[in-house]
Amino acid sequence: MALSDFLEQLDQLASSAEKAFQEAGDASALDEVRVNFLGAKNGQLKSVQKEMGAVGKEDRPTAGKKFNECKTRIEVAFQAAKDRLGDPAAAKSSDPGFDMTLPGHEFHLGRLHPITQTIEELKDIMGRLGFSVADGPEIEDERHNFEALNIPREHPARDPLDNFYLGTAQKAQLGHREENPLLLRSQTSTVQIRVMESTPPPIRIISLGRVYRPDTADATHYPMFHQMEGLLIDRQVTMADLKSVLRLFARSYLGADVNIRFRPSFFPFTEPSVEADFSWNDGWIEFGGAGMVDPNVLRAVGYDPEEVTGFAFGLGVERLCMRRHGITDIREFYKNDVRFLEQF
Ligand code: FA5
């Protein structure tokens, strides 16, 4: 090969490499150009180097010198491109679509719903009082929601208008028999029965979960809400134990300055029964029902009411949380308004 052809080839190679390195727009394009020109195996520079053997012996020193110059030009172009792309400010300024003065995106960190936070705290307080946590299904049968709780068939609490009974199609889907209709549980007292059916006394449990009633939503009522059920069964349990546990619990959760009062009431599954209120805005609001477990309930699960007695309570979780945080409308919990939720 004539020396002039070889030198010409080197010049062209260096020029096209410089152009390619200048045009490389990002790191992967740069790497492609580097492999094309400087690749150790099949790079164009390597191929040209191999052709140097075809240049006449006397011309080799000139060819070698020119080859080294060409190699340096390509390496300098590579380094310049690397510097340009490696510097983020330089890279961005080459992108006309990026405006460095724009404000950044704000990321919202998720957090637990206030009712979930309340449930965790209630479990904690009751855990310290020796109560463990039990669970039960939200779709219940009449036996656990009513019968075993001493609520007979003709009782108004079983009125279909006051409960969410499952339709025939839903029951068929669950493969359920007609004689024991299914409904969304209207109280967590169902869990009392499930626990007593499967566990011998003594018992000391709480159960927290959703319950459903076709109540019209207002500031203190919602058709779906949460209850904390408590059940303690042992020898010689009295009403005094019930009152002190509820008082201790309310003071732990709401603070020592909360006033509590008990009003005589009626529940088919407790005798005697009370309703518990706490003070709120110069008045009182009911936070739960409670009482000594009725002997009929103890008998229905195979316990001997002469041997053991016990108390039970069912408290409204939303109302406790509302009192604690000064929330005046229960509907706030379920609007999913981030401005409300992010305060907790
Ligand atoms: C009961 O549900 C009984 N199972 C409580 C009980 C358990 C009594 C064990 C005796 C022994 P009651 O229907 O009163 O009781 O409901 C209990 C609490 O749930 C109420 O005091 C109130 O705080 C809350 N509550 C009731 N209905 C609603 C509603 N629609 N929205 C929000 N909270 C409610």
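Not measured: the values here are computed from a predicted model.

K.L.:
Please clarify how the overall build of the chain should be interpreted in this entry.
P.N.:
Looking only at helices and strands, the chain features 13 helices and nine strands. A globule of 344 residues ought to have a C-alpha radius of gyration of about 20 Å, yet the chain, at 40 Å, is considerably larger. Oriented by its inertia axes, the alpha-carbon framework of the chain measures out at about 120 × 50 × 40 Å. Per-residue burial for the chain yields a buried fraction of 41% across its 344 residues. A fraction of 64% describes how many contacts in the chain between residues 6 or more apart in sequence connect residues 24 or more apart. Element-wise, carbon and sulfur atoms account for 51% of the exposed surface of the chain, whose accessible area totals about 19,000 Å². Each charge class in the chain was averaged separately, 40 positive and 53 negative side chains, and the resulting centres sit 5 Å apart.

K.L.:
Would you mind going over the domain arrangement of the chain with me for this structure?
P.N.:
A common way to report how large an interface is uses the accessible area buried once the components associate. Each domain of the chain was delimited in the assignment, giving domain 1 (3–93) and domain 2 (114–341). The C-alpha-based centres of domain 1 and domain 2 are spaced at 80 Å.

K.L.:
Would you explain the site of the ligand in this entry?
P.N.:
In the neighbourhood of the ligand, 25 residues make up the surrounding shell, with Gln 187, Ser 189, Arg 213, Asp 215 and Glu 286 lying closest. A distance of 3.0 Å separates an oxygen atom of the ligand from a polar atom in the side chain of Gln 227. Contact between the ligand and Glu 286: an oxygen atom at 2.6 Å from a side-chain N or O atom of the residue. For the ligand, whose unbound accessible area comes to 680 Å², protein coverage reaches 94%. Mapped by element, the contributors of at least two residues to the shell around the ligand are helix 9 (189–198), strand 5 (224–234), strand 8 (283–293) and strand 9 (309–316). For the shell around the ligand, the leading source of residues is strand 8, giving five residues. Partitioned by chemical class, the residues of the shell around the ligand number nine nonpolar, 11 polar and five charged.

K.L.:
Would you mind going over the sheet that holds strand 7 (residues 270–280) with me for this structure?
P.N.:
Backbone-to-backbone hydrogen bonds pair the strands of a sheet. The strands run either parallel or antiparallel. Strand order in the open sheet formed by seven strands is 1-4-5-9-8-7-6, and the pairing between neighbours is mixed. Looking along the sheet, the strands with just one partner apiece sit at the ends: strand 1 (132–133) and strand 6 (260–267). Where strand 5 lies against strand 9, eight bridges are found, and the strand directions are antiparallel. The residue bridging Asp 234 from the neighbouring strand is Thr 309, located in strand 9. Helix 10 (residues 239–254) rests against strand 5, strand 6, strand 7, strand 8 and strand 9 of the sheet, and its axis sits at about 30 degrees to strand 9.

K.L.:
What is the right way to read the nonpolar core from this model?
P.N.:
Within soluble globular proteins, side chains that are nonpolar generally end up buried alongside one another. In this structure, Met 228, Phe 249, Phe 311, Phe 313 and Leu 320 are the most contacted members of the largest nonpolar core, which totals 42 residues. Top element by residues in this core is helix 10. It accounts for seven residues. With near-sequence residues (within four places) excluded, Phe 311 lies in contact with Phe 131, Gly 230, Leu 231, Leu 232, Val 237, Thr 238, Asp 241, Leu 242, Val 245, Gly 291, Met 292 and Val 293. Listed in part, the 24 residues of the second largest apolar core include Ala 17, Phe 21, Phe 37 and Leu 45.

About the thresholds
Residues numbered from 1 in each chain as written. Predicted model: local features only at pLDDT ≥ 70, side-chain atom pairs only at ≥ 80, totals over all residues. Heavy atoms only, no water. Helix = DSSP H or I, 4+ residues; strand = E, 2+ residues; numbered from the N terminus. Rg over C-alpha atoms; globule rule 2.2 N^0.38 Å. Buried < 20%, exposed > 50% of the residue type's maximum accessible area, 1.4 Å probe, protein only. Contact = heavy atoms within 4.5 Å. Areas by Shrake-Rupley, 256 points an atom, 1.4 Å probe, with all protein chains shown as cover. Lys, Arg positive; Asp, Glu negative; His and termini not counted. Charge placed at Lys NZ, Arg CZ, Asp CG, Glu CD. Domains from an automatic or database assignment. Near = heavy atom within 4 Å. Polar contact = N/O pair within 3.5 Å; in protein donor to acceptor, adjacent residues only side chain to side chain. Nonpolar A, V, L, I, M, F, W, Y, C, P; charged D, E, K, R; others polar. Pairing = 2+ DSSP bridges. Axes fitted to C-alpha atoms, helices over the stretch in contact; angles between N-to-C directions. Core = buried A, V, L, I, M, F, W, Y, C linked by side-chain atoms within 4.5 Å.

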